[in-house]
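The lines below spell out each chain.
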Amino acid sequence: MTDAETASIERACTALSIAYARAVDFRDYDAFVLLFTEDATLDVGRPLHGREAIRESLRRRPDELRSRHVITNVFIDVLSPDSARGISYLTLYRHHGEESVRRGPVPLEGPAAVGHYEDRFTRTNAGWLFSARRAHLAFRDAAQF
Amino acid sequence: MTDAETASIERACTALSIAYARAVDFRDYDAFVLLFTEDATLDVGRPLHGREAIRESLRRRPDELRSRHVITNVFIDVLSPDSARGISYLTLYRHHGEESVRRGPVPLEGPAAVGHYEDRFTRTNAGWLFSARRAHLAFRDAAQF
Amino acid sequence: MTDAETASIERACTALSIAYARAVDFRDYDAFVLLFTEDATLDVGRPLHGREAIRESLRRRPDELRSRHVITNVFIDVLSPDSARGISYLTLYRHHGEESVRRGPVPLEGPAAVGHYEDRFTRTNAGWLFSARRAHLAFRDAAQF
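Bear in mind the structure is a predicted one, so any value in this text is a computation, not a measurement.

Draft legend 1. Summary view of the interface of chain C and chain A. With 22 residues of chain C at the interface, the matching set in chain A holds 22 residues. Three residues stand out in chain C for area buried against chain A, namely R11(C), R22(C) and L108(C), and they jointly supply 35% of the buried area on that side. Linking chain C with chain A are 2 salt bridges, by the criterion used here. One salt bridge in this structure joins R11(C) and D3(A), with 2.8 Å as the shortest N-O distance. On the surface where chain C and chain A come into contact, there are 9 residue pairs in polar contact (both at pLDDT 80 or more). Looking at the side of chain C that touches chain A element by element, the count peaks at 7 residues for strand 3 (residues 65–80) of chain C. In this sheet, strand 5 (residues 106–107) of chain C lies alongside strand 7 (residues 127–140) of chain A in parallel orientation, the contact comprising 2 bridges. Residue R140(A) lies in a different strand from strand 5 of chain C, and its bridge partner there is P107(C).

Right under this line is the structure:
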């Protein structure tokens, strides 16, 4: 692959990692599901296999939970024209309470967790998608979990 | 537009978003004003219209306020060769006190706010600039505001 | 330099800054040392001159210290085909305690420090490396230092 091709893949996979945060934080769950391949695995505590399981888990996500997934340190390792892997750091902010469903700021309690995602990316007809994403928490605020 | 042209615009708008943080945090207010078009709107609590209003608001910014605008999750959506929009996450750290005017670290109280910027970018003769930037806070530490 | 050459250097130096965090946080100290030129200076509190001094300081780094170096606001200023400088923001999370050597999350106490790195990069036969990196803390949690 040329340097330009590698750069283009890195850009696509980075954008996917950012879109993940935006989709869950802004409750665009239809968009969220489409970031994964049909048979993708998502493990953010309990492993989910396939888009249908991911969609189902979002249906159970409470409306009164507000989150912001702060994504940093994005590292993409391009393995081939059709596959890549990566590591991104996550700093997670959350608030549980009915004021979360309204507009405007809710109380900030400090980050709930800090860790990283371990990712596999696959090129599909619909562009680059997650084939696997797994969260690893390094720090966790016990008061918020 | 080619993929290379889109990538170049994304890079310019991302750099602008980072320059915004550096200019306000390191008190380079002359540079800060030049990140906006002449008739830009900046709304970080109260809307400011035009460079002169932005400059005036910086004149009133207290010297004893230290800030770090941590910018993440930068998303740039290129609309045309001359316009783009975007969303970036903000984690804001602040400290109010006379020790802020000296060098060296000041007490860390945890983030003051977490939210995002909603941006419009325009290509000008001076490069890509903000034509509109608006902050939306998702979480706020009431003790710090 | 062409826009593509500048973009390629920015990408390499950004990747280096992220690799720094990953190497220290995941204790890949051999990889960490190779991010610096033979005569590089690293100053994260006390200046270290050269790879051997950096390696020696890592030998003394306690196993029970867990860290996550959250790197954001990466700014790379390309000076020539072989040199660049940069500024990156750092939000540092740490935990001291024997549970840090095991897998799984440890208690989150909020960020220990927020500041920035001031960097010099040099192109070598082994790619782009740090020739100088210096940390400046803007905020510090006295309880954690």
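Draft legend 2. Fine view of the interface of chain A and chain B. Between chain A and chain B, the residue contacts involve 22 residues of the former and 22 residues of the latter. When chain A packs against chain B, the two sides together hide about 1,800 Å² of surface, and 62% of this comes from carbon and sulfur. Summed over the shared surface of chain A and chain B, the number is 2 salt bridges. E10(B) is the salt-bridge partner of R11(A), the closest N and O atoms lying 2.9 Å from each other.

Definitions and limits used
Residues numbered from 1 in each chain as written. Chains lettered and ligands numbered in written order. Predicted model: local features only at pLDDT ≥ 70, side-chain atom pairs only at ≥ 80, totals over all residues. Heavy atoms only, no water. Contact = heavy atoms within 4.5 Å. Buried area = accessible area lost by both parts, 1.4 Å probe. Salt bridge = Lys/Arg side-chain N within 4 Å of Asp/Glu carboxyl O. Polar contact = N/O pair within 3.5 Å; in protein donor to acceptor, adjacent residues only side chain to side chain. Helix = DSSP H or I, 4+ residues; strand = E, 2+ residues; numbered from the N terminus. Pairing = 2+ DSSP bridges.

Function-wise, these values are silent; they only describe arrangement.
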